[in-house]
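The residues making up each chain are set out below.
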Amino acid sequence: MSGALVLFSGGQDSATCLAWALDRFDHVETIGFDYGQRHRAELDARTVVLERIRTLKNWGDKLGEDRILNLGVLGEISDTALTQDVEIVTAASGLPNTFVPGRNLLFLTFAAAIAYRRGLKHVVTGVCETDYSGYPDCRDDTIKALQVAINLGMESRHVLETPLMWLDKAQTWALADDLGGPDLVELIRAETLTCYKGDTETLNVWGRGCGDCPACDLRRSGFERWASLATRA
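Conventions adopted
- Residues numbered from 1 in each chain as written.
- Predicted model: local features only at pLDDT ≥ 70, side-chain atom pairs only at ≥ 80, totals over all residues.
- Heavy atoms only, no water.
- Phe/Tyr/Trp six-rings, centres within 6.5 Å; stacked < 30°, edge-to-face > 60°.
- Helix = DSSP H or I, 4+ residues; strand = E, 2+ residues; numbered from the N terminus.
- Buried < 20%, exposed > 50% of the residue type's maximum accessible area, 1.4 Å probe, protein only.
- Pairing = 2+ DSSP bridges.
- Right-handed = clockwise from strand over helix to strand, strands pointing away.
- 1 Å grid on protein atoms, 1.4 Å probe; cavity = no way out; pocket = protein on both sides within 12 Å on 5 of 7 lines; lining within 4 Å.
- Points joined across faces, edges and corners; volume = space filled by probe spheres on them.
- Core = buried A, V, L, I, M, F, W, Y, C linked by side-chain atoms within 4.5 Å.
- Contact = heavy atoms within 4.5 Å.
- UniProt positions renumbered as here; feature names shortened; annotations may be inferred.

A. Structural detail: the packing of aromatic side chains. Across all of its chains, the model carries seven aromatic pairs by this definition. With 4.2 Å between their ring centres and 5° between their planes, Phe33 and Phe107 make a pair best called stacked. With Phe33 in strand S2 (residues 28–34) and Phe107 in helix H4 (residues 103–118), this pair connects stretches of sequence that are 74 residues apart. On the basis of relative accessibility, which here comes to 6%, the residue Phe33 falls in the buried class. Taking the centre distance of 5.7 Å and the plane angle of 35° together, the rings of Phe99 and Tyr135 count as tilted. In this pair, Phe99 sits in the loop between helix H3 (72–76) and H4 while Tyr135 sits in the loop between strand S4 (120–124) and helix H5 (140–154), placing the two residues 36 residues apart along the sequence. Summarising the burial analysis for this pair, Phe99 and Tyr135 share the class buried. Taken together, Phe33, Tyr35 and Phe107 form an aromatic cluster joined through their ring pairs.

B. Layout of the pairing of strand S1 (residues 3–7). The element S1 is largely enclosed, with a buried count of five among its five residues. Residues Gly3, Leu5 and Leu7 of S1 are buried on one face, and the alternating residues Ala4 and Val6, pointing to the opposite face, are buried as well. Sheet topology note: the S1/S4 ladder contains four bridges and is parallel. From the neighbouring strand, Gly3 faces S4, where its bridge partner is Leu120. Note that S1 and S2 share four bridges and pair parallel. Paired with Val6 across the two strands is Thr30, which belongs to S2. With helix H1 (residues 12–24) bridging S1 and the parallel S2, this β-α-β connection has right-handed handedness.

C. Structural detail: empty space enclosed by the protein. Evaluation of the coordinates by the stated rule reveals one cavity of 30 Å³ or more. Of the pockets and cavities examined, the largest cavity occupies roughly 690 Å³. Breaking the lining of the largest cavity down by element, the ones donating at least two residues are H1, S2, helix H2 (41–53), H4 and helix H7 (214–232).

D. Quick look at the nonpolar core. Val6, Leu7, Leu18, Val28, Ile53, Trp59 and Leu184 are the most contacted members of the largest nonpolar core, which totals 66 residues. Element by element, the count of residues in this core is highest for helix H6 (residues 169–191), at nine residues. The contact partners of Trp59, leaving out residues within four places of it in the chain, are Ala19, Leu22, Asp23, Ile53, Arg54, Leu179, Gly180 and Leu184.

E. Local environment of the UniProt feature "binding site: Zn(2+)" (unreviewed entry) in the chain. Cross-referencing UniProt, the feature "binding site: Zn(2+)" (unreviewed entry) maps to Cys195, Cys210, Cys213 and Cys216 in the present numbering. Sequence-wise these annotated residues cover 22 residues; spatially they are packed, their C-alpha atoms never more than 6.9 Å apart. Topologically, Cys195 is positioned in the loop between H6 and strand S6 (203–204). Residue class for Cys195 comes out buried when judged on its relative accessible area of 1%. Discounting chain neighbours no more than four positions away, the residues touching Cys195 are His39, Gly209, Cys210, Cys213 and Cys216. Overall, the relative accessible area of 2% leaves Cys213 in the buried class.

This is how it looks when you write it as structure tokens:
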């Protein structure tokens, strides 16, 4: 039970978490979810990132099996801007309509079930409540409560790891630099996709994306703050 299972979407945060896990554990596996997301191109980025991250440091020897689970039913019951081609706005609830209710709860529960079967103690996810869109299932309290429920329900001692929970996006870029240096930063910049609109064609200084959606705004501002601090140092 010493290995880790990383929820790897193909985006910046999960790629950083994958590097974090590879730096700490002897054996790391990955899992992704296809739920009919509008930005499904993110899943295509996974293949490239997984292939290239193997070439960094000694991580290739540690990186094990990858799998993608079909959770299309989540998309079928979700009326959100991430599962339908609608404008991204703030909903009546006060949350952005990119919030997919239950998404992280389902992802982590399925991941824990896989980790249980694979004998992996640690389940790593890139949720964060510092620079985020206000999603309640990204909060530290939510993850801690879910960990208790999973361990009670599975009679296990899984650990839900959240290495980015208290980091802003500038600090997330800095963490990637600390873990893998310029090669990892460039891999994340050029190959990962975080854009809610799934824009793979536009390559900005801070990475691929439309530049207009909330995810791109966070990624861009974080990169600019990190680059500014790195330049001063």
